[in-house]
Amino acid sequence: MARRPLPRILSKDSAQIARTQIARSRELARTAADSATDVLQPLITVTRGLRLLASAGRRRWADTPKDKRGPLLFFVASMVLIVALMPYGPLFAVIAVMAAAAWHGRDRTPSAPEGPDESQTQRLQALYEALVPCFSSSEDPAPLYTHGGEWEKAYVAHEFDDAGRIGHLVIRYPAYFPDGEPAARARIEQLLTAKAGRSREYHFAWDEEGNQLTVTALPPLPADIPAQRFVTAPGETVLGFTDPSEVQRTLPLSYGEERVDVPPVVWRTGIRSTEPHLLAMGHPGSGTSTLLRSVAIQALQYGDVLIVDGGGTGEYACLTGRSGVLAVECALPGALASLEWAARETERRLVAINLARQAGDPPPPDTRRPLWIVLDRPGVFAHLALADGRKDPQALLQVPLRHGRAANVTVVVAEQFDSAEVLSDAVRQHTRARVVLGSAAPEEVEAVLGASPHTTSMAHVPPGRGYARLGSGPVHRLQVPRTPDPYDDATSDADRQAVLELLPPRTTAVEEEPTALSKPTAGKAPVPAEALAAEPS
């Protein structure tokens with residue numbers, strides 16, 4: 001008889017139900033094990049004591065000189081004979097041995113001290129005194145926070161880590177505190193961060209109904225996850241990794257010599273996406289080019305990529321001539337020609353899709369293949385275009401930004417904070433997926449993401465660390481996967497090999513160039529800028 005295949009999990013809801021059932025099964029097994037341990041605790045204690053007594057007897061016999069072992073053996077045998085001949089002697093002997101075994105087998109682990117120790121009490125008292133000016137009022141008849149008051153009434157729960165620092169704290173505050181004002185919240189969060197230690201990141205959860213603030217010290221995100229092929233569906237791009245409590249999905253990754261499940265920040269693009277375009281902001285060295293390189297490598301798995309590098313540092317030279325890479329432009333004329341072609345290609349796709357729908361046919365295959373426009377530091381081209389009297393390349397992005405979702409065109413832009421004012425209105429309005437990397441001020445993060453994060457950032461963060469927000473969703477901590485430039489001398493051999501293995505193969509040159517409004521195939525070389533500029537519309 002043929003075996004029937006096992007049922008597969010076909011939907012996200014089914015997967016969630018399966019994970020819930022597995023979690024319940026583990027909790028039930030853990031509860032059963034704890035109950036069995038409680039029931040068998042006397043037997044475990046006696047067994048441990050008998051083992052200790054036997055070990056002590058063997059050590060005593062080994063330490064006894066050989067000339068004295070005979071008399072000792074005779075003495076033990078005499079005692080056993082006397083006990084055996086006494087009334088109820090064996091019973092009393094068994095009881096005595098069991099009592100001695102229970103005494104020696106008891107748990108001698110020192111119990112944890114109840115409440116904080118002296119140093120922890122000083123920390124809590126100092127934190128309480130620092131909160132008095134913020135949570136007190138002269139008109140309050142029974143203030144919760146007073147100088148020299150009792151901190152036990154203000155703290156609902158508190159925990160410390162192994163280093164003696166505050167790891168978890170639940171604070172009560174008076175109802176008249178304006179917890180709905182961002183400025184008031186920011187003042188409390190800054191104070192708690194300074195008193196609890198600036199070398200860590202903290203998560204703040206405000207319970208406005210219960211007048212409680214929960215402060216939790218967050219573990220650092222893994223900054224050494226290398227670039228690799230992620231298990232995603234077409235239209236899904238992994239921007240980085242975040243906290244397990246923020247997302248309900250994990251990805252299996254190769255982390256060193258192990259396979260681990262890491263919660264990702266997944267950005268969904270395509271026709272049904274509500275955030276079809278991305279904007280990344282950061283300071284120099286924050287990792288925005290690394291993010292764009294990671295996105296481009298993932299996009300090449302299912303679509304074509306057009307790269308315009310305004311930095312001119314060769315960050316994307318490894319993608320030149322690769323299959324699926326239409327062009328890698330670093331000069332202003334080539335950037336203008338490539339972006340002009342991208343705008344016409346978007347219009348051509350829209351017309352083709354519209355005609356197909358009017359005829360009742362599916363969209364043409366060349367319109368279903370995703371087209372990615374990756375633009376790094378457009379502010380540099382804006383200054384060059386102004387000085388040369390040419391059009392700003394960002395003006396050519398209006399059509400891909402406005403109609404890119406319907407035409408399966410995605411735009412990714414990265415810029416630095418010192419050139420943020422150069423970004424056009426179209427880029428600001430249509431890039432609903434936002435990323436901020438590096439050590440940015442809270443005002444800068446809120447200006448880009450449209451909301452302030454519920455966590456604090458450290459003064460020194462590794463490259464690729466920041467925040468991400470997709471549309472109107474929550475703000476997530478983000479760590480970009482390590483995707484360095486493989487041609488950089490500072491790149492290690494392991495990272496260089498990991499990136500090179502993800503790149504598609506190089507293509508050969510072609511004899512004939514495509515027309516301006518036709519879609520280049522994946523096997524053709526990048527179209528020269530001069531040919532594009534000379535072709536008629």
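Residues numbered from 1 in each chain as written. Predicted model: local features only at pLDDT ≥ 70, side-chain atom pairs only at ≥ 80, totals over all residues. Heavy atoms only, no water.

(A) Up close: the packing of aromatic side chains. Enumeration over the complete set of coordinates arrives at ten aromatic pairs. Taken together, a centroid distance of 5.7 Å and an interplanar angle of 25° make the contact between phenylalanine 135 and tyrosine 173 stacked. Note that phenylalanine 135 is positioned in helix H5 (residues 118-135) and tyrosine 173 in the loop between strand S2 (166-172) and helix H6 (182-196), a separation of 38 residues in sequence. Tyrosine 173 carries the same exposure label as phenylalanine 135, and that label is buried. The interplanar angle of 10° and the centroid separation of 6.0 Å between the aromatic rings of phenylalanine 177 and tryptophan 206 together place this pair among those described as stacked. With phenylalanine 177 in the loop between S2 and H6 and tryptophan 206 in strand S3 (residues 201-207), the pair connects residues that are 29 residues apart, well separated along the chain. On the basis of relative accessibility, which here comes to 14%, the residue tryptophan 206 falls in the buried class. (Phe/Tyr/Trp six-rings, centres within 6.5 Å; stacked < 30°, edge-to-face > 60°. Helix = DSSP H or I, 4+ residues; strand = E, 2+ residues; numbered from the N terminus. Buried < 20%, exposed > 50% of the residue type's maximum accessible area, 1.4 Å probe, protein only.)

(B) Representation of the nonpolar core in the model. Membership of the largest hydrophobic core comes to 36 residues, with the highest contact counts inside it found for Met281, Ile373, Leu397, Val413, Val427, Val436 and Leu449. Sorting elements by how many residues they give to this core places helix H8 (residues 332-358) first, with six residues. Leu239, Ala299, Leu502 and Leu503 belong to the second-largest nonpolar core, a separate cluster that totals 33 residues. (Core = buried A, V, L, I, M, F, W, Y, C linked by side-chain atoms within 4.5 Å.)

(C) Region of interest: the confidence of the model for the protein chain. Of all residues in the protein chain, 87% attain a pLDDT of 70 or more, and the chain-wide mean is 84. Segment residues 1-17: pLDDT under 50, and four contacts once partners within four positions in sequence are set aside and those in other chains are kept. Throughout residues 509-537 the model reports pLDDT below 50, and contacts reaching past four residues in sequence, or to other chains, amount to 58 contacts. (pLDDT = per-residue confidence, 0-100. Contact = heavy atoms within 4.5 Å.)

(D) Up close: the pattern of salt bridges. Tallying each qualifying case throughout the model produces 18 salt bridges. One salt bridge connects arginine 268 with glutamate 236, and the closest N-O pair in it is separated by 3.4 Å. Taken together, the residues span a long stretch of sequence, with arginine 268 in strand S8 (residues 264-268) and glutamate 236 in strand S5 (residues 236-241) at a distance of 32 residues. In this structure, aspartate 388 engages arginine 390 in a salt bridge whose closest nitrogen and oxygen atoms are separated by 3.2 Å. For arginine 390, a relative accessible area of 41% gives the class partly exposed. A single salt-bridge network, built from bridges that share partners, covers Glu201, Asp243, Arg465 and Arg477. (Salt bridge = Lys/Arg side-chain N within 4 Å of Asp/Glu carboxyl O.)

(E) Geometry of the environment of glutamine 248. Its place among the elements puts glutamine 248 in the loop between S5 and strand S6 (251-255). Glutamine 248 gets classed as exposed once you look at its relative accessible area, which sits at 64%. Residues glutamine 248 and proline 264 lie 16 residues apart in sequence; the distance between their C-alpha atoms is 9.2 Å.

(F) Focus on unusual backbone geometry. You will see that asparagine 211, though not glycine, has its phi angle at about 55°, which is positive. Relative to the helices and strands, asparagine 211 is located in the loop between S3 and strand S4 (212-218).

(G) Here's a closer look at the packing of H8 against helix H11 (residues 398-407). Where H8 contacts H11, the two axes come as close as 9 Å, and the packing angle between them is 35°. The hand of the H8/H11 crossing is left-handed. Between H8, through Ala342, Ala343, Thr346, Glu347, Arg349, Leu350 and Ile353, and H11, the contact on the second element is made entirely by Val399, Pro400, His403, Ala406 and Ala407. A class-by-class count of the residues in the contact of H8 with H11 yields eight nonpolar, two polar and two charged. (Axes fitted to C-alpha atoms, helices over the stretch in contact; angles between N-to-C directions. Left-handed = near helix turned anticlockwise from the far one by under 90°. Nonpolar A, V, L, I, M, F, W, Y, C, P; charged D, E, K, R; others polar.)

(H) Looking closely at the side chain of threonine 45. Structurally, threonine 45 is set in helix H2 (residues 41-63). A relative accessible area of 14% places threonine 45 in the buried class. In this view, threonine 45 contacts Ala101, Ala102, Gly105 and Arg106; residues no more than four positions away in its chain are not counted.

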